[in-house]
2 protein chains.
Amino acid sequence: MVTLKDIAVKVGVDVSTVSKVLQGAPIRISDARREEIVRTAQEMDYRPNLMARGLRLKRSNALAMIVPTTTSYLYPEIIDGAEQAAEERGYALFLIKSQNPHTRLLSVVGHGRIDGLVFADDQPSEEVASRLNSLDVSWVCLNRTKPDDHGHVALDDEAGFNAQAEHLLKLGHRSIVFVSVTPSSYISGLCTRMFIDRMKKEGVDLPQTHLFQSEFDGGQAADIADIIAELSPRPTAVAAASVQIASRIVESLRAKGLRIPEDISVVGYHDSPTALWPPPGITTVKMPSRRQGYQGVSRVIDLLNGVHFEGETIDERPVVIERGTCAPL
Amino acid sequence: MVTLKDIAVKVGVDVSTVSKVLQGAPIRISDARREEIVRTAQEMDYRPNLMARGLRLKRSNALAMIVPTTTSYLYPEIIDGAEQAAEERGYALFLIKSQNPHTRLLSVVGHGRIDGLVFADDQPSEEVASRLNSLDVSWVCLNRTKPDDHGHVALDDEAGFNAQAEHLLKLGHRSIVFVSVTPSSYISGLCTRMFIDRMKKEGVDLPQTHLFQSEFDGGQAADIADIIAELSPRPTAVAAASVQIASRIVESLRAKGLRIPEDISVVGYHDSPTALWPPPGITTVKMPSRRQGYQGVSRVIDLLNGVHFEGETIDERPVVIERGTCAPL
DNA sequence: TTGAAAGCGCTAACAC
DNA sequence: GTGTTAGCGCTTTCAA
């Protein structure tokens, strides 16, 4: 392992000089010296000892993002955004599989090993949260279980479900089914309301018989599709709060002999590889998940630098990705 | 932040004494003292500074596992096993999303931040491998692209495809299709051969027309199912090298009006949540992936402790999970 | 322009 | 039984 001292000895200067030069600190030094130091460091493949630096600076320059066990298809995008932000700001980003309770998390994050955390899935319990604070670990959540919690980086689901509703309305649909997700966050519990409200503005009422609930991964979607197929009069469109649900519904309705989108239009929510099945894919509302990951990391780093932060909603516009499961009435 | 010194001052002893007591080192000290030190540490919620310890010991006690971008369904099991091993041996385990090339990996692993790596997906390039070695980072791979590479923790796919073949043979099938995966590792390139060899032992020959290749995630499976359905005489069983492929084939064959398993039996490879679709799920060969993750981490830790390691094949037996897509001829 | 020195929190060899 | 001491590699203040 090559240290600052090795370089210092080789060049014939003091370690502190090498340290300053390598950091690009604004010191006055002859260009020749500076160049020689930099070159020598490269030649020797010098890599700073992060433990020593961390001990001195009380900073590890490492972040971790907690992601769920189930390989839910939203996370690759979030992770990509998060990694980009981390890289841009010179931080290392690790992933930790989320587990409940988060007790093991504390020993992994440890003391000084990780500067900040992004909870991409669930949220820390009161106890874990206060331990994190006492360990001086900054953290933000991407999901919300309560409206007024510790700083969050949330998606604008109101805009998302608005966009979904508008897409169907624009195509002329008025007899619509909405399949929400089992509440797992503050927002998912409200999605039915958001969708209904937007519909009501257009004078479209959704009766109770047109409201369903499924697991995010599409668990009960097949049963729901059975019921939808039997409704009379048959609705002309189905909006689902996840693309997995939409995908399953398309499969099930087709299996019953219904044509999608000719007989019924189907639209999902969020975009992911799942949305490509069945081919040529599900029409869906793409939310700015990548950006959410990016901002999550950015905000944690800001917190570390003393920049206060109350919470944030990503204002990038939702985009309807048309893949052929929606048609005009 | 509370340090050893804080405790030492409070109790009225030296830091080194506190250090030794808290590590449970075999020193002679009065029980009263020892008890007081331990109690005080607890009361003050002492947490060792991992940077300081790491600097001193030249060990971070942290490992990372490289997992692929695509949320392939095998990984949850591998990760679970890996985390268990890490926890048992007192290591923190982080996940890093695999990326090609691995250049960013080096800066994330840094110098001293991570003691060892498990590559769960691909393998490091020559260059990255040599950098890791020069950084004194131990590593193992779970996959193999070459037969005689740096120490691996591999699955016994020979036994796996044997078990798959035997299951179909035992049910009386003799006209069989095999769908392999696009080679991504040393083993996956050989899977067709393993299956065929086992079949040949029983006097069953697979003609070229009965051999297909698909992406691991089932990409081309629908097209392949189309061809299978038209084969004449129609084969009585399909063996696939992934459960995703099997799942897609079952769906496609059923969509064409064939009954599974009455008309054709289908068996997958590996087990995962995907195997539950379509209900009640796909009959498959479960490989010891959990164990593979566990051993991967164990071996890295062994390497760190100077225990040499050439490579290993998990000898836990593959198990056929019967879910109803296979029937006797 | 450059160097000396202190110290981050911890461990371990050695002294008493 | 317990304390002294040195040092891991780095940064930063202060001195020259």
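Residues numbered from 1 in each chain as written. Chains lettered and ligands numbered in written order. Predicted model: local features only at pLDDT ≥ 70, side-chain atom pairs only at ≥ 80, totals over all residues. Heavy atoms only, no water.

Chemist: How would you summarise the protein's contact with DNA strand C if you had to cite specific residues and measurements?
Modeler: Neighbouring residues of DNA strand C: 27 residues in total, closest Arg28 and Ile29 of chain A together with Leu4, Tyr46 and Arg56 of chain B. Per the 4 Å cut-off to the protein, sugar and phosphate atoms form 65% of the nearby atoms of DNA strand C. Within the contact set of DNA strand C, a phosphate oxygen lies 2.9 Å away from a backbone nitrogen or oxygen of Asp14 of chain A. Measuring from a phosphate oxygen of DNA strand C, one finds a side-chain N or O atom of Arg53 of chain B at 2.8 Å. Looking at the surface near DNA strand C, the elements with two or more residues in it are α2 (15-23) and α4 (50-57) of chain A together with α2 (15-23) and α4 (50-57) of chain B. Its residues assigned to classes, the surface near DNA strand C shows nine nonpolar, nine polar and nine charged. (Near = heavy atom within 4 Å. Polar contact = N/O pair within 3.5 Å; in protein donor to acceptor, adjacent residues only side chain to side chain. Helix = DSSP H or I, 4+ residues; strand = E, 2+ residues; numbered from the N terminus. Nonpolar A, V, L, I, M, F, W, Y, C, P; charged D, E, K, R; others polar.)

Chemist: Explain the environment of Gly324 of chain A to me, and be specific about the residues and the numbers.
Modeler: Residues and elements named next belong to chain A. Checked against the element boundaries, Gly324 lands in the segment after β12 (319-321). Remark: the alpha-carbon pair of Gly324 and Pro279, spanning 45 residues in sequence, is separated by 9.3 Å. In this structure Gly324 touches Pro261 and Thr283, once residues within four positions along its chain are discounted. (Contact = heavy atoms within 4.5 Å.)

Chemist: Hey, could you go over the packing of aromatic side chains for me, with residue numbers and the actual values?
Modeler: Residues and elements named next belong to chain B. Taken as a whole and assessed by the stated rule, the structure comprises nine aromatic pairs over all chains. Aromatic side chains Phe161 and Phe178 sit 5.9 Å apart centroid to centroid with 75° between the ring planes, which places their arrangement in the edge-to-face category. Separated by 17 residues along the polypeptide, Phe161 in helix α8 (residues 157-170) and Phe178 in strand β6 (residues 176-181) bring together distant segments of the chain. (Phe/Tyr/Trp six-rings, centres within 6.5 Å; stacked < 30°, edge-to-face > 60°.)

Chemist: Outline the domain arrangement of chain A, supporting the account with residue identities and numerical values.
Modeler: All names here are of chain A. Each domain of chain A was delimited in the assignment, giving domain 1 (4-43), domain 2 (58-155 + 289-313) and domain 3 (157-286). Domain 2 and domain 3 are separated by 31 Å when their C-alpha centres are compared. Across the boundary between the two partners, domain 2 contributes 11 residues, which contact 13 residues of domain 3. Around 960 Å² of area is buried between domain 2 and domain 3 when both sides are counted, 60% of it from carbon and sulfur atoms. Where domain 2 meets domain 3, there are one salt bridge. The salt bridge involving Glu77 is made with Lys286; its shortest N-O contact spans 2.8 Å. Applying the counting rule to domain 2 against domain 3 returns two residue pairs in polar contact (both at pLDDT 80 or more). (Domains from an automatic or database assignment. Buried area = accessible area lost by both parts, 1.4 Å probe. Salt bridge = Lys/Arg side-chain N within 4 Å of Asp/Glu carboxyl O.)

Chemist: Explain the protein's contact with DNA strand D to me, and be specific about the residues and the numbers.
Modeler: Around DNA strand D sit 26 residues in total, of which Leu4, Tyr46 and Arg56 of chain A together with Asp14 and Ile29 of chain B are the nearest. Taking all atoms of DNA strand D within 4 Å of the protein, the share assigned to sugar and phosphate is 64%. A distance of 3.3 Å separates a base nitrogen of DNA strand D from a polar atom in the backbone of Ala52 of chain A. Within the side chain of Arg53 of chain A, an N or O atom sits 2.8 Å from a phosphate oxygen of DNA strand D. For the surface near DNA strand D, the residue count by class is nine nonpolar, eight polar and nine charged.

Chemist: Got a sec to walk through the side chain of Thr236 of chain A? Specific residues and values, please.
Modeler: Residues and elements named next belong to chain A. Summarising the element assignment, Thr236 is placed in the loop between α10 (221-230) and β8 (237-240). On the basis of relative accessibility, which here comes to 18%, the residue Thr236 falls in the buried class. Here the side chain of Thr236 touches His173 through a polar contact of 2.7 Å, side chain to side chain. Those residues within four positions of Thr236 in sequence are excluded, and the remaining contacts are His173, Arg174, Ser175, Asp263, Ile264, Ser265 and Leu329. (Buried < 20%, exposed > 50% of the residue type's maximum accessible area, 1.4 Å probe, protein only.)

Chemist: Requested: an account of the pairing of strand β2 (residues 92-97) of chain A, with residues and values cited.
Modeler: Residue and element names in this part refer to chain A. In terms of residue burial, β2 counts as a mostly covered element, since six of its six residues are buried. Burial of the side chains of β2 extends over both faces: Ala92, Phe94 and Ile96 are buried on one face and Leu93, Leu95 and Lys97 on the other. In terms of strand pairing, strand β1 (residues 62-67) meets β2 through six bridges, oriented parallel. Its bridge partner lying in β2, Ile66 is registered against Ile96. (Pairing = 2+ DSSP bridges.)

Chemist: Please give an account of the state of the cysteines that cites residues and values.
Modeler: Think of a disulfide as a covalent bridge from one cysteine sulfur atom to another cysteine sulfur atom. Inspection of the entire model under this criterion finds zero disulfides over all chains. Here Cys191 of chain A is not disulfide-linked; the sulfur of Cys326 of chain A is the nearest cysteine sulfur, at 17 Å. (Disulfide = S-S within 2.5 Å.)

Chemist: Tell me about the relation of the copies chain B and chain A, and please be specific about residues and values.
Modeler: Once turned by 180° and shifted 0.0 Å along the axis, chain B lies on chain A with an RMSD of 0.1 Å. The superposition of one copy onto the other is thereby described by a two-fold rotation axis. Comparing interface residues between copies, 100% of those in chain B also sit at the interface in chain A, which points to an isologous, same-surface contact. (Least-squares fit on C-alpha atoms with pLDDT ≥ 70 in both.)

Chemist: Could you give me a rundown of the sheet that holds strand β9 (residues 265-269) of chain B, with the residues and numbers involved?
Modeler: Each strand in a sheet pairs with another by means of backbone hydrogen bonds, the pair being arranged parallel or else antiparallel. All names here are of chain B. Strand order across the open sheet formed by six strands is β7-β6-β8-β9-β10-β12, with mixed pairing between neighbours. Of all the strands in the sheet, just β7 (211-214) and β12 (319-321) have a single pairing partner and so form its edges. With strand direction ignored, the average angle separating the axes of adjacent strands in the sheet is 25°. Where β6 lies against strand β8 (residues 237-240), four bridges are found, and the strand directions are parallel. Bridge pairing in β8 places Phe178 opposite Ala239. With respect to the sheet, helix α11 (residues 243-255) is in contact with β6, β7, β8, β9 and β10 (284-286), its orientation differing from that of β9 by roughly 155°. (Axes fitted to C-alpha atoms, helices over the stretch in contact; angles between N-to-C directions.)

Chemist: Kindly report on helix α1 (residues 4-11) of chain A, identifying the contributing residues and their values.
Modeler: Residues and elements named next belong to chain A. Among all positions of α1, only Ile7, Ala8 and Val11 are buried. Buried residues along α1 cover an arc of 100° about the axis, so they all sit on one side. In α1, the exposed residues that point more than 90 degrees away from the buried face are Lys5, Val9 and Lys10. Residues of α1 that are buried in the fold lie against α2 and α3 (31-43). (Arc of directions from axis to C-beta.)

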